[in-house]
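Working through the structure, step by step
So you can see what is in the structure, the chains are spelled out below.
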Amino acid sequence: MRPSPSFYFLFMLVTLFAVPLGIAAKSSEKSVPSATGSIREEIPDAYKERYQRWKAEFLTAEIGQAQWELYARHPQLVLTITVSRENEFGAGSGKYKWNAAGELIAATVTLGAKINEGFPSSVYYPVMNALEPYEKQKLISGNVLAATKIAHEFGHVMKIGTIAEPLYHLQLRLAPIYNTIFLSNGHNVDDPRLVELARQMGGNPVQIWEDREYWGEANAMLYLRDRVAKERFHCRLFNQIKRSVEEYAKPYEERFTAIAKSQGVIYSCSWR
Ligand SMILES: [Zn+2]
């Protein structure tokens, strides 16, 4: 049985939005612009071997290679990648910094130490979740799962790069205020104070959060589009993603459909 949407709404408000963004707020001050962009891999020795396997898997896909090159040669963004024991099956992006011209110049992707294991829920992670049966049947390795999680994080960084810095900080500032009111008004999203805050932020905190997650998932799908194109199960995999998107992410369906349509191999499955 699946929890109701209102359960997720409350759950996300309390656990997923307020806390990570609160941390990000402290580390997103302006800093001196870097001369050129690059990828800085700050990987503890204990995790170097596994990280290289995950990265190699990410780079086997054409789009993985292209996105890596994009950041390795980026004109101003320094992308730091690290591996941490915290949140070992998950990953996160943050420590965003912008220059005076409003360009994103720094971001950090933190990969959990065991991202080759663990499948998040299909509600917000329809792409990563869809890999589970194929990993269980050993049709794909855990390294593919890890590379898909890397792609998800790259999706976050790409999306943040398109958001105006003032809006990002406005959302950081107003989300906790929204959450405090929401938790004290009987969870009434029609409260005029909340309606006004959501208008300023461009959505309520959960909408903003899920929009970001689904951008991460869209990039994960882009990676899998290339990675599993030649696997005989690719239609079954993408059909499962489609079912989860239709069930849980209907307002965001277009971004997934656009990827499916971008290459005949998925479109010829059942994305129409
Ligand atoms: Zn994410």
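Just so we're clear, the structure is a prediction, and the values are computed from it rather than from any experiment.

Observations regarding the overall build of the protein chain
Scanning the protein chain from terminus to terminus reveals 12 helices and four strands. For the protein chain, restricting intrachain contacts to residue pairs at least 6 apart in sequence, the fraction spanning at least 24 positions comes to 77%.

Some words on the environment of Leu 131
Positionally, Leu 131 belongs in the loop between helix H4 (126–130) and helix H5 (132–136). Sequence separation between Leu 131 and Phe 119 is 12 residues, and the spatial gap between their C-alpha atoms is 7.9 Å. The residues touching Leu 131, leaving out its near neighbours within four places in the chain, are Phe 119, Ile 140, Leu 145, Thr 148, Leu 224 and Leu 237.

Focus on the packing of helix H2 (residues 48–60) against helix H3 (residues 62–72)
In contact at an axis separation of 4 Å, H2 and H3 are set at 110° when each is read in the N-to-C sense. For the element pair H2 / H3, the angle class is roughly perpendicular. The segment H2 lies against H3, with Tyr 51, Lys 55, Phe 58, Leu 59 and Thr 60 engaging Glu 62, Gly 64, Gln 65, Gln 67 and Trp 68. Across the contact of H2 with H3, the residue classes break down as four nonpolar, four polar and two charged.

Here's the deal with the packing of aromatic side chains
The tally for this structure, following the rule as stated, stands at 12 aromatic pairs. Ring centres of Trp 98 and Tyr 168 lie 5.2 Å apart, and the angle between their planes is 50°; on these two criteria the pair is classed as tilted. Taken together, the residues Trp 98 in strand E3 (residues 91–98) and Tyr 168 in helix H7 (residues 165–184) connect sequence positions 70 residues apart. For the pair Trp 98 and Tyr 168, a shared accessibility class is recorded, and that class is buried. Judged by centre distance (4.8 Å) and plane angle (80°), the ring pair of Tyr 124 and Trp 209 falls under edge-to-face. One end of the pair, Tyr 124, is in the loop between strand E4 (104–112) and H4; the other, Trp 209, is in helix H9 (residues 205–227), with 85 residues separating them in the sequence. Like Trp 209, Tyr 124 is buried. Taken together, the ring pairs connect Phe 58, Trp 68, Tyr 71, Phe 154 and Tyr 223 into an aromatic cluster. The ring of Trp 215 has Arg 255 sitting right over it, with the charged end atom 3.9 Å from the ring centre.

Observations regarding H9
With 23 residues, H9 should reach 33 Å at 1.5 Å per residue; the first-to-last C-alpha distance of 33 Å fits that figure. With 19 of its 23 residues buried, H9 lies for the most part within the structure. A side-chain oxygen of the first residue of H9 lies 2.9 Å from the backbone nitrogen of Val 206; this N-cap is Asn 204.

Let's talk about the confidence of the model for the protein chain
Summary statistics for the protein chain give a mean pLDDT of 87 and a share of 84% for residues scoring 70 or more. Residue range residues 1–34 is modelled with pLDDT below 50. Its contacts to residues more than four positions away, or to other chains, number 60 contacts.

Digging into the side chain of His 152
Within the secondary structure layout, His 152 lies in helix H6 (residues 142–160). Residue contacts for His 152: discarding those within four places in its chain leaves Tyr 125, Met 128, Glu 213, Gly 216, Glu 217 and Ala 220.

Points about unusual backbone geometry
At Asn 87, a position not held by glycine, the phi torsion is positive, near 50°. Residue Lys 95 is not a glycine yet carries a positive backbone phi of 50°. Position of Lys 95 relative to the elements: it lies in strand E3.

Considerations on the sheet that holds strand E2 (residues 78–84)
What holds strands together in a sheet is hydrogen bonding between their backbones, with the strands either parallel or antiparallel. Spatial strand order, E1-E2-E4-E3: four strands in an open sheet with mixed pairing. A strand with exactly one partner marks an edge of an open sheet, and here the two such strands are strand E1 (38–42) and E3. Looking at each pair of strands side by side, their axes are set apart by 15° on average, direction ignored. In terms of strand pairing, E1 meets E2 through five bridges, oriented parallel. In the sheet register, Ile 39 faces E2, and the bridge partner there is Leu 79. Relative to the sheet, H6 contacts E2, E3 and E4, its axis offset from that of E3 by approximately 25°.

Criteria and thresholds
- Residues numbered from 1 in each chain as written.
- Predicted model: local features only at pLDDT ≥ 70, side-chain atom pairs only at ≥ 80, totals over all residues.
- Heavy atoms only, no water.
- Helix = DSSP H or I, 4+ residues; strand = E, 2+ residues; numbered from the N terminus.
- Contact = heavy atoms within 4.5 Å.
- Axes fitted to C-alpha atoms, helices over the stretch in contact; angles between N-to-C directions.
- Parallel < 35°, antiparallel > 145°, perpendicular 65-115°, else oblique.
- Nonpolar A, V, L, I, M, F, W, Y, C, P; charged D, E, K, R; others polar.
- Phe/Tyr/Trp six-rings, centres within 6.5 Å; stacked < 30°, edge-to-face > 60°.
- Buried < 20%, exposed > 50% of the residue type's maximum accessible area, 1.4 Å probe, protein only.
- Lys NZ or Arg CZ within 6 Å of the ring centre and 35° of its normal.
- Expected span 1.5 Å × (residues − 1).
- Polar contact = N/O pair within 3.5 Å; in protein donor to acceptor, adjacent residues only side chain to side chain.
- pLDDT = per-residue confidence, 0-100.
- Pairing = 2+ DSSP bridges.

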